[in-house]
Amino acid sequence: MTSSSPAKSLGARRWVPLIALAAVAVVCLALPQVLSSYWTDTITTWIPLAVAALGLNLLTGYNGQISVGHGALFGVGAYTTALILNEWHWPFLVTVVASAVVCFVAGVVIGLPALRIKGLYLALVTLAVATLFPQILEQFSDTTGGSAGLGITNRELNRRGVMTDRSIRFEPPDLALLSADDAKASSQWRYYIFLLVAAICFLLVRNLVNSRAGRSIIAIRDNETAAEVSGVNVAAAKVFTFGISAALAGIGGSLSALELARVSSGTFTLVLSLNLLVAVVVGGTPSIAGPAIGAVFLGFFTNVITPEFPEDVKPLTPLILGVLLVVLMLAAPGGIVGMYRQLQARLAARRAISQTAISQVP
Amino acid sequence: MEEFISYLFIGLGNGAVYAMLGLGLVVIYRSTGLLNFAQGEMAMFATFIVWTLADSGLPLWLAMFGGMFGGFVIGVVVHQVVVRPVGDPHQKPLAVVIVTIGMFLGFNALAKLIWGADDKTLLNLFGRSGIDIFGTEVAWQKLGALAVLAIEAVIFWMLFQRTKIGLAMRAVASNPESSALCGIPVTRVLMFGWGLATAIGAVAGTFTAPITAVSSNLMQLTLIYAFAAITLGGFDSFVGAIVGGLLVGVLSDVLPRYVDFFEKMPLAPAFILILVVLLVRPEGIFGQRKVSRV
Amino acid sequence: MTAQRPLRLAAVAAALALLLSACGRDDDNADDTGGSDNTTETTAASDEDGGGDGGDAAAFIVPEEDCANYEGTKGIEGDTIKIGTVRPESGAYSIYDTITKGLEAYVTAVNTDGGVTAGDGKTYKLELVKADDAYDPAKTPAEVRRLVEQEGIFAMVGEIGTSNNLAVRQYMNDNCVPSIGLATGSPEWGKAAEYPWFIGGLPSYATEAHAFMEYLKTEKPAAKIALLYQDDDFGKAYQATIKKDIEGTDITIVDEQSFNPLTETSPESKVAQLATSGADVFFVGIGGAPCPAALRAQPSDWTPMTYISITCSGKTAMALAQGRDEGIYSTQATYDVGTAADQANPKVQEFFTKGAAAGLQEAELQGGIAAAGWGFGALFVRGLELTPTVDRATLMNTLYSLDGENFGLALDDAAAHTNGADDPWIIEDLRVIKRTAGSWEGVTELISYDGKSNDFVG
């Protein structure tokens, strides 16, 4: 009796995450069916942030390298997509892959000096990258459009017979799943494609962390010297992690460019890098679900809660967010996932105590 | 040559401000072991206090000291109420970074709430006239900034090398637990560090504000340049902050005037130098090498 | 481990399938669009739709042709018209939030007076819904869509920022939602044939530069210009017009420098460089606090004839110049709320009394930034007063066929004329002014550039 009960409950507990995952999947798939096209588009904007935060989490949470420059990599992905689409009109998803490749290379280039530069110095070098990126965009504003921005467009005749640059859009296929209204169907289709890309990214990262390579990555975070002694190729693993992390940020940037059909230098500032960091830490590190939770938290705060504030409270919004962040870090330095894990551990401990109590009953 | 001198002193004057803010960052890093993203916003807040006092008729010198006092109090309160409760930055670096980002947002919004969004004027501490150096007019304000930086450097050196509290701060920086065991009031030392950092932020702000205007974004760009400065100099070194600050100032104000490629990327020369320096010396020019234990 | 493999395979397969379908889709688009560049050609449209001479209000915009789901009277509920605006309440450009305060004050003043009597004879109250995009054009679309779709506004009024407005231009046009009195003077807002649902609330930056260049040609026919321009759409519009206007004259640009407020702490060293160029004219085409900073940075031995952008000619910015504003030039289309002589004008008096009643502070009243927002509100309300029926298309057509209107704080002699795509600019009457003892004084008569604003674009 006493020996079989923990095993049983362990088996039951193994199912809990799977059921939760299935529930999340169902909700994610069902959302655009119930939401208006405005809300569908709004939650679509959260997906790129979640993917980029996933990349940052891999680097910071699992590998222990702090980057304050992922906003720049996000921007590299966005501009890669914008320039490719305007020049060569590639299919959307191919440009996402191309952006990932470009950012992987950029990540490796940044990662190489990171072999020598460690800890907070690395954070500061990535910070410099984040602040330099908008300046580079300005220097080459003939190509990038500078702060006026660059629309991702196709030339089309408008209804008045004037040739205009029309923003790219996602042409929805004929599926019963999608709405009959063309504009709404386009929003839904875009959401599903984004969701799929994000799901693939999350799955790949999950497999990576659970693999042999992933264990090396984590070992480096916990103790670099020890990892090296036990045969991990630290240099290769760190550069590889930086590259993958950058590629994910690039995918996020690419998706965001596809979503907005526009890029401009004012977007990819230090603020974006800090937002990504906030998403990662608020969600909880290291964890796979954390970045998604963090991105949803930020999106929910800015797009759902903030507009509901009464007019005279609105100027206080950044103050409220600031206080919220401080309080959250005071209450749960491990983020939302950390809070959940703590709760779980406490429940497990209580269960263990009650079980020992039972087993001690003669 | 004349142009060069004029660019050089503009660069040195700006660099002195980056160095001042950098000194604050170094104090906080050395005492608490974290990068404070809110450093610039705290300095901005203290500068608004300077402006309020100056606007009410106080001479600017006195107003600056008032702002420094206000900044000191703010720093102490922030440490006690916000930073300390989060815990040891060495244990939870990310949580502490997010806390400083939270403070960044908070101080910015609070300043706008108290003082409004419109730009305010702060006069030059050293007036509007200049002095002739090699046939070029150099503003007293720029030389004044350098002089004030030099005074700060001397005070810092005296404080850290010649006083008990300086000794205590150095002890806390190298090993907080042993310091506590030795009877050093660690918390009070850290409070003092935060207060000091914000107080010199008020000085940095007093020199930044006349260049543009007193507003809630006063220090946001300056902070970035200050970060570049301490990365270059080594962020546990006061000398590093000063040399780094002046170097970044000169590089970003002089080089783009001669090299077209850098025209719109004033930070690029400094950044290239940072990369080169860190690849050769990963702890910055004046930083201390860390020995890690397995 | 084995259980994961099929899952992974399925994911990859799904991705591939999507890729292929995406390839197929995009080909259709590529066919119509291949090989085209970014220049916009206005084909037959302006002849076809640009008519409407003599106030034929229905001629310019035909919403049934322009958009799929036209909802002409959305945002009007009973006797209340809901309007929206997006502005940078947070972020590095939050000073422009003061524009919105001016707009809000105008709305409050109108409502306090009992509302606006529109051209259809009914009296409406106004309700203003504000949103914050922190001046980040990536955030603007979401905020504008929220205002249009969730809040259900009738029109946008006084939306701030060139790239921010560009980010939503297509959306607003596709949905036939008016955006009136844009707080930007980019030449982009002259493209009414392509984007008829946007109408500017400032003079075109090109027209402004042209007005000064005309004056310069008579005053200093052999001027040597040192140009400091903001490194964006706004500054580049000045640069382009100046270059166009000096063609065939003896005026030269001896040095030009760009300044970017997002990445540079101060324009000091650039001004120092310009000062060595030997120029006798200094054109300051930058805005915000860096504009007076550029004036202060002038070495005392360099005293060129200096021109500053209309956007920084207000009292707040001039106070920051700390005396270096004496003798500089600018242009104006409205009375200057910071100039003592202008303050006696009844329009300015009305702005002071009603603005103060609506909660504007003394510094805001005289600063000049809030006055701009007041003007955008006045423009919208004048449109309402004139429109025969209150719906989106008729209101826009009314604004595109103004015949000598004067509103807000406009100079008394100014008269706004518009005519569809041929003449989409409302504010085209300007005069060159000079700063004398803390006040602006006109040095030219009010000059009408009616219908020409698009020609001045470089």
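The structure presented is a predicted model; accordingly, all values stated were derived computationally and were not measured.

Concerning the overall build of chain A
Okay, so step 1: Within chain A, the secondary structure is distributed over 14 helices and four strands.
Okay, so step 2: For chain A, the C-alpha radius of gyration of 23 Å lies close to 21 Å, the compact-globule estimate for 362 residues.
Okay, so step 3: Each of the three principal axes of chain A carries a C-alpha extent, and together these read 90 × 50 × 45 Å.
Okay, so step 4: Here chain A holds 362 residues, and 54% of them are scored as buried.
Okay, so step 5: A fraction of 73% describes how many contacts in chain A between residues 6 or more apart in sequence connect residues 24 or more apart.
Okay, so step 6: Accessible surface computed for chain A: about 15000 Å², of which carbon and sulfur atoms make up 69%.
Okay, so step 7: Here chain A contributes 23 positive and 17 negative side-chain charges, whose respective centroids are spaced 16 Å apart.

What about the packing of helix 7 (residues 182-210) of chain A against helix 8 (residues 212-222) of chain A?
All names here are of chain A.
Okay, so step 1: Contact pair helix 7 / helix 8: the axes reach a minimum separation of 4 Å and the direction vectors enclose 75°. Here helix 8 runs roughly perpendicular to helix 7, going by the angle between their axes. Here helix 7 contributes Leu208, Val209 and Asn210 to the contact with helix 8, which in turn contributes Arg212, Ala213, Gly214, Arg215, Ile217 and Ile218.
Okay, so step 2: Here the contact of helix 7 with helix 8 is built from residues that sort into five nonpolar, two polar and two charged.

Some remarks on a nonpolar patch on the surface
Okay, so step 1: On the surface, Ile136 and Phe140 of chain A together with Met1, Phe4, Leu255, Tyr258, Val259 and Phe261 of chain B cluster together into a nonpolar patch covering about 720 Å² of accessible area.
Okay, so step 2: Within the secondary structure, Ile136 of chain A is located in helix 5 (residues 119-139).
Okay, so step 3: Exposure remark for Ile136 of chain A: the relative accessible area of 33% places this residue in the partly exposed category.

Regarding helix 3 (residues 60-86) of chain B
Okay, so step 1: Along its 27 residues, helix 3 of chain B runs 37 Å from first to last C-alpha, staying within 8% of the 39 Å computed at 1.5 Å per residue.
Okay, so step 2: Positive backbone phi, approximately 115°, marks Gly87 of chain B, located one or two places after helix 3 of chain B.

Remarks on the state of the cysteines
Residues and elements named next belong to chain A.
Okay, so step 1: Inspection of every chain in the model, using the stated rule, returns one disulfide over all chains.
Okay, so step 2: Of all cysteine sulfurs, the one in Cys201 lies closest to Cys28, which takes part in no disulfide; the gap is 14 Å.
Okay, so step 3: Taking relative accessible area as the criterion, Cys28 reaches 23% and is therefore assigned partly exposed.

Examining the confidence of the model for chain A
Residues and elements named next belong to chain A.
Okay, so step 1: In the predicted model, chain A carries a mean pLDDT of 87, and the fraction of residues at 70 or more is 94%.
Okay, so step 2: No element of chain A has a lower mean pLDDT than helix 1 (residues 4-34), at 77, and none a higher one than helix 3 (residues 70-88), at 95.
Okay, so step 3: When the criterion is pLDDT under 50, residues 1-8 qualifies, and its contacts beyond four places in sequence or with other chains add up to three contacts.

Section: the interface of chain B and chain A
By convention, interface size is frequently given as the accessible area that disappears when the constituent parts associate.
Okay, so step 1: The interface is formed by 51 residues belonging to chain B together with 41 residues belonging to chain A.
Okay, so step 2: By the criterion of area lost to chain A, the three top residues of chain B are Leu94, Ile98 and Phe271 of chain B, representing 16% of everything that side buries.
Okay, so step 3: Summed over the shared surface of chain B and chain A, the number is zero salt bridges.
Okay, so step 4: Across the chain B-chain A interface, the total number found is three residue pairs in polar contact (both at pLDDT 80 or more).
Okay, so step 5: Put simply, the parts of the chain that give the side of chain B that touches chain A at least two residues each are helix 3, helix 4 (93-115), helix 9 (220-233) and helix 11 (268-280) of chain B.
Okay, so step 6: Of the residues forming the side of chain B that touches chain A, the biggest block, 14 residues, is contributed by helix 4 of chain B.
Okay, so step 7: Of the residues contributing to the side of chain B that touches chain A, the split by class is 37 nonpolar, eight polar and six charged.

What to know about the pattern of salt bridges
Okay, so step 1: Counted by the stated rule, this structure contains 32 salt bridges over all chains.
Okay, so step 2: Among the ionic pairs, Glu268 of chain C bridges to Lys142 of chain B, the shortest N-O distance being 2.7 Å. Linking Glu268 of chain C in helix 9 (residues 268-275) with Lys142 of chain B in helix 5 (residues 140-162), this pair reaches from one chain into another.
Okay, so step 3: By relative accessible area, which is 13% here, Glu268 of chain C ends up buried.
Okay, so step 4: Take Lys142 of chain B: its relative accessible area is 9%, and that puts it in the buried class.
Okay, so step 5: With a closest N to O distance of 2.7 Å, Lys354 of chain C and Glu350 of chain C form a salt bridge. Of the two residues, Lys354 of chain C and Glu350 of chain C are both situated in helix 13 (residues 346-357); the distance of four residues between them amounts to about one turn of the helix.
Okay, so step 6: Its relative accessible area of 24% is what places Lys354 of chain C among the partly exposed residues.

Observations regarding the pairing of strand 15 (residues 429-436) of chain C
All names here are of chain C.
Okay, so step 1: The element strand 15 is largely enclosed, with a buried count of six among its eight residues.
Okay, so step 2: Here strand 12 (residues 329-332) pairs with strand 15 via four bridges, running antiparallel. From the neighbouring strand, Tyr329 faces strand 15, where its bridge partner is Lys434.
Okay, so step 3: Bridge count between strand 15 and strand 17 (residues 447-448): two bridges; the pairing is antiparallel. Across the sheet, Leu430 pairs through a bridge with Ile447, a residue of strand 17.
Okay, so step 4: Looking at chain direction, strand 15 and strand 16 (residues 439-442) are connected through four bridges and run antiparallel. Residue pairing across strands places Ile433 opposite Gly442, the latter belonging to strand 16.
Okay, so step 5: Where strand 15 hands over to strand 16, the hairpin turn is made up of two residues, of which Ala437 adopts a positive phi near 50°.

Quick notes on the packing of aromatic side chains
Okay, so step 1: Within this structure, the stated rule accounts for 44 aromatic pairs over all chains.
Okay, so step 2: When the ring of Phe301 of chain A is compared with that of Phe309 of chain A, the centres are 6.3 Å apart and the planes differ by 70°; the resulting orientation is edge-to-face.
Okay, so step 3: For Phe301 of chain A, a relative accessible area of 5% gives the class buried.
Okay, so step 4: Given a relative accessible area of 16%, Phe309 of chain A falls into the buried group.
Okay, so step 5: With centroids separated by 5.5 Å and ring planes inclined at 65°, the aromatic side chains of Phe261 of chain B and Phe262 of chain B adopt a geometry described as edge-to-face.
Okay, so step 6: For Phe261 of chain B, a relative accessible area of 44% corresponds to the partly exposed category.
Okay, so step 7: One aromatic cluster is present, built from ring pairs that chain together Tyr205, Phe212, Phe234, Tyr238, Phe283 and Tyr307 of chain C.

Quick notes on unusual backbone geometry
A negative phi angle is the norm for most residues apart from glycine, just as the trans form is the norm for most peptide bonds.
Okay, so step 1: Omega for the peptide link from Thr285 of chain A to Pro286 of chain A comes to -10°, which places this bond in the cis form.
Okay, so step 2: Along the chain, the position of Pro286 of chain A falls in the loop between helix 11 (270-283) and helix 12 (289-305).
Okay, so step 3: Residue Ala134 of chain C is not a glycine yet carries a positive backbone phi of 55°.
Okay, so step 4: Its place among the elements puts Ala134 of chain C in the loop between strand 4 (123-132) and helix 5 (140-151).

Topic: the environment of Gly22 of chain B
All names here are of chain B.
Okay, so step 1: Looking at where Gly22 falls in the secondary structure, it is placed in helix 1 (residues 2-32).
Okay, so step 2: We classify Gly22 as buried; its relative accessible area is 0%.
Okay, so step 3: Spatially, the C-alpha atom of Gly22 lies 8.4 Å from that of Phe235, the residues being 213 residues apart in sequence.
Okay, so step 4: Dropping the residues within four chain positions of it, Gly22 is found in contact with Ala226, Ile230 and Ala241.

Some words on a negative patch on the surface
Okay, so step 1: Together, Glu2, Glu3, Asp132 and Glu137 of chain B together with Asp301 of chain C give the surface a local cluster of negative charge.
Okay, so step 2: Take Glu137 of chain B: it is sitting in strand 2 (residues 136-139).
Okay, so step 3: Among the residues examined, Glu137 of chain B registers a relative accessible area of 38% and is labelled partly exposed.

Points about the environment of Ala105 of chain C
Residue and element names in this part refer to chain C.
Okay, so step 1: Considering the arrangement of structural elements, one finds Ala105 in helix 4 (residues 97-112).
Okay, so step 2: Given a relative accessible area of 1%, Ala105 falls into the buried group.
Okay, so step 3: The sequence separation of Ala105 and Gly373 amounts to 268 residues, and the corresponding C-alpha distance is 8.6 Å.
Okay, so step 4: Excluding its chain neighbours within four sequence positions, the residues that come into contact with Ala105 are Gly355, Ala358, Leu360 and Trp374.

Re the nonpolar core
Okay, so step 1: Formed by 187 residues in total, the largest nonpolar core has its most connected members in Ile251 and Phe268 of chain A together with Met103 and Phe227 of chain B.
Okay, so step 2: With 14 residues, helix 7 of chain A is the single largest residue contributor to this core.
Okay, so step 3: For Phe227 of chain B, the residues in contact, after removing those within four places along its chain, are Leu124 and Leu127 of chain A together with Leu25, Leu35, Asn36 and Phe37 of chain B.

Considering the side chain of Arg145 of chain C
Okay, so step 1: With respect to the helices and strands, the residue Arg145 of chain C is situated in helix 5.
Okay, so step 2: Classification of Arg145 of chain C as buried rests on a relative accessible area of 15%.
Okay, so step 3: When residues no more than four places from it in sequence are discounted, the contact partners of Arg145 of chain C are Ser37, Tyr38 and Asp41 of chain A together with Gln150 and Tyr171 of chain C.

Cut-offs used in this document
Residues numbered from 1 in each chain as written. Chains lettered and ligands numbered in written order. Predicted model: local features only at pLDDT ≥ 70, side-chain atom pairs only at ≥ 80, totals over all residues. Heavy atoms only, no water. Helix = DSSP H or I, 4+ residues; strand = E, 2+ residues; numbered from the N terminus. Rg over C-alpha atoms; globule rule 2.2 N^0.38 Å. Buried < 20%, exposed > 50% of the residue type's maximum accessible area, 1.4 Å probe, protein only. Contact = heavy atoms within 4.5 Å. Areas by Shrake-Rupley, 256 points an atom, 1.4 Å probe, with all protein chains shown as cover. Lys, Arg positive; Asp, Glu negative; His and termini not counted. Charge placed at Lys NZ, Arg CZ, Asp CG, Glu CD. Axes fitted to C-alpha atoms, helices over the stretch in contact; angles between N-to-C directions. Parallel < 35°, antiparallel > 145°, perpendicular 65-115°, else oblique. Nonpolar A, V, L, I, M, F, W, Y, C, P; charged D, E, K, R; others polar. Patch = residues over 30% accessible without salt bridge, like charges linked within 9 Å, V, L, I, M, F, W, Y side chains within 5 Å. Salt bridge = Lys/Arg side-chain N within 4 Å of Asp/Glu carboxyl O. Expected span 1.5 Å × (residues − 1). Disulfide = S-S within 2.5 Å. pLDDT = per-residue confidence, 0-100. Buried area = accessible area lost by both parts, 1.4 Å probe. Polar contact = N/O pair within 3.5 Å; in protein donor to acceptor, adjacent residues only side chain to side chain. Pairing = 2+ DSSP bridges. Phe/Tyr/Trp six-rings, centres within 6.5 Å; stacked < 30°, edge-to-face > 60°. Core = buried A, V, L, I, M, F, W, Y, C linked by side-chain atoms within 4.5 Å.

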